[in-house]
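# Structure assessment
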Amino acid sequence: MPDPHQAATCRTMEQTRAEALQRRNRRTAIGVGAFVCGMLGLAYASVPLYDMFCRATGYGGTVQVGGPAAPGAAKDMPARVVTIRFNANTAPGLPWRFAPSQGPMQLRLGEEGMAFYQASNTAVAPVTGVATYNVTPATVGKYFHKTACFCFEQQTLEPGQQVDMPLAFWVDPQMAKDPATRDIHTITISYSFFRSLDDADRSGALANAGPHVGAAPRATP
């Protein structure tokens, strides 16, 4: 006949294994949950973190905004001169003419430069635009500083209105000491104007242009 003591020992071992398996499953579930929560948090934070990273490093040609005033050209060494070129683009949905007001500019490192872009509204109603910008080569981004720019705010032009938009900037002399940028002698700053989402929504252009990032979904009747 079966040994009662041996049977009790077997039941105890089986119960111990079951409890260990439950604890392991709980730890696994907690770990997976923490990983999912962490990934969700990273996803929500990725856009502002990426923007902060680009502004801090100049990655992708993102220029530096604000900060200290231009230090002026160094007095104890020959002035390094770079050529600044200006580029302009207008999105198809924006009824504007937009172009730089001058050609390439010679600028000494450390000195502040001033340039202008010209924009005019060809529509029969007010139109609001917003500009994005970058510089090339992209490695120069962290050395290119803008102290005043029309791109800091949205711009609204009345029908037929034409305006001159100023840009004040300087290039950090440290650019000449960086092995990645010291041989660069020409910098191109590019602006692209787009119709703002709010303006496109008000004018009806948003409804006819297909899905847009940032546009609220419309209820279907």
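As shown above, the structure is provided for reference.
Described below are features of the structure shown in this document. Just so it is clear, the structure is predicted and the values come from calculations on it, not from any experiment.

Let us look at the overall build of the protein. Helix and strand content of the protein: 3 helices and 10 strands. The secondary structure elements of the protein, listed N-terminal to C-terminal, are α-β-β-β-β-β-β-β-β-β-β-α-α. When each of the 221 residues of the protein is scored for burial, the buried share is 29%. The long-range share in the protein, meaning contacts at least 24 apart out of those at least 6 apart in sequence, stands at 75%. On the protein, roughly 13,900 Å² of surface is accessible, and the fraction owed to carbon and sulfur atoms is 59%.

Take the pattern of salt bridges next. A side chain with one charge may pair with a side chain of the opposite charge, provided their charged atoms come close. Summed over all chains, the structure comprises 2 salt bridges. With a shortest N-O distance of 2.4 Å, Arg108 and Glu111 are connected by a salt bridge. Here Glu111 falls in the partly exposed class, since its relative accessible area comes to 25%. Among the ionic pairs, Lys142 bridges to Asp178, the shortest N-O distance being 3.9 Å. Taken as a pair, Lys142 in the loop between strand S6 (127-136) and strand S7 (144-149) and Asp178 in the loop between strand S9 (162-171) and strand S10 (186-195) lie far apart in primary sequence, 36 residues in all.

What follows covers the environment of Lys142. The class of Lys142 is partly exposed, set by a relative accessible area of 35%. Spatially, the C-alpha atom of Lys142 lies 8.6 Å from that of Asp172, the residues being 30 residues apart in sequence.

With that out of the way, let us pick up the sheet that holds S10. Read across the open sheet, the 5 strands follow the order S4-S2-S10-S6-S8; overall the sheet is mixed. The open sheet has two free edges, formed respectively by strand S4 (105-108) and strand S8 (155-157), since each of these has just one partner strand. Sheet twist, expressed as the average angle between the axes of neighbouring strands with direction ignored, equals 35 degrees. Of the strand pairs in this sheet, strand S2 (residues 81-90) and S4 are connected by 4 bridges, and their pairing is antiparallel. Bridge assignment links Val81 to a residue of S4, and that residue is Arg108.

Bringing the packing of aromatic side chains into the picture now. As enumerated under the stated definition, the model contains 12 aromatic pairs in all. Ring centres 4.9 Å apart and planes at 85 degrees place the aromatic pair Phe98 and Phe193 in the edge-to-face group. Here Phe98 is found in strand S3 (residues 96-100), whereas its partner Phe193 is found in strand S10, with 95 residues between them in sequence. The interplanar angle of 50 degrees and the centroid separation of 6.0 Å between the aromatic rings of Tyr133 and Tyr191 together place this pair among those described as tilted. In this pair, Tyr133 is assigned in strand S6 and Tyr191 in strand S10, connecting sequence segments 58 residues apart. The class of Tyr191 is buried, set by a relative accessible area of 0%. The side chain of Lys146 reaches across the aromatic face of Tyr133, ending 3.0 Å from its centre.

Let's shift gears to the nonpolar core. Grouped together as the largest cluster of nonpolar side chains are 34 residues, with contacts concentrated most on Ile84, Phe150 and Tyr191. Elements with a contribution of two residues or more to this core: S2, S3, S4, strand S5 (112-121), S6, S7, S9 and S10. Examining the composition of this core, we find that 5 residues originate from one element, S9, more than from any other. Each residue touching Phe150, except ones within four places of it in the same chain, is listed here: Phe98, Tyr117, Ala131, Gln155, Met165, Pro166, Tyr191 and Phe193.

Rules behind the numbers
Per-chain numbering applies: the sequence of each chain, read as written, is numbered from 1 onward. Only residues with pLDDT of 70 or above have their local features reported here, since the model is predicted, and side-chain atom pairs are shown and tallied only from 80 upward, although totals for entire chains, interfaces and linings are computed over all residues. To obtain the side-chain values, all non-hydrogen atoms of the structure were used and water was disregarded. Strands are runs of DSSP state E lasting at least 2 residues, helices are runs of H or I lasting at least 4, and numbering of each runs from the N terminus. The cut-offs for exposure are 20% and 50% of the maximum accessible area for each residue type, with area from a 1.4 Å probe on protein chains only; residues under the lower value are buried, those over the upper are exposed, and the others partly exposed. Should any heavy atoms of two residues lie within 4.5 Å, those residues are counted as being in contact. Here the accessible surface of atoms and residues is derived via Shrake-Rupley with a 1.4 Å probe, and residues count as covered only by protein chains that are part of the display. In the sections that follow, a salt bridge refers to a side-chain nitrogen of Lys or Arg positioned within 4 Å of a carboxyl oxygen of Asp or Glu. Note on pairing: two strands pair once DSSP finds at least 2 bridges between them. Axes here refer to lines fitted to C-alpha atoms; in helices the fit is confined to the stretch in contact. Angles between the N-to-C directions go from 0 to 180 degrees. Paired rings are identified among Phe, Tyr and Trp, the last through its six-membered ring, by centres lying within 6.5 Å, and are further divided according to the angle between planes into stacked (under 30 degrees), edge-to-face (over 60) and tilted (the rest). Here, a charge over a ring means that NZ of Lys or CZ of Arg falls within 6 Å of the ring centre while also lying within 35 degrees of the ring normal. Residues grouped as a nonpolar core are buried Ala, Val, Leu, Ile, Met, Phe, Trp, Tyr and Cys residues, joined through side-chain atoms within 4.5 Å.

Without other data, these values stay purely geometric and don't point to any function.
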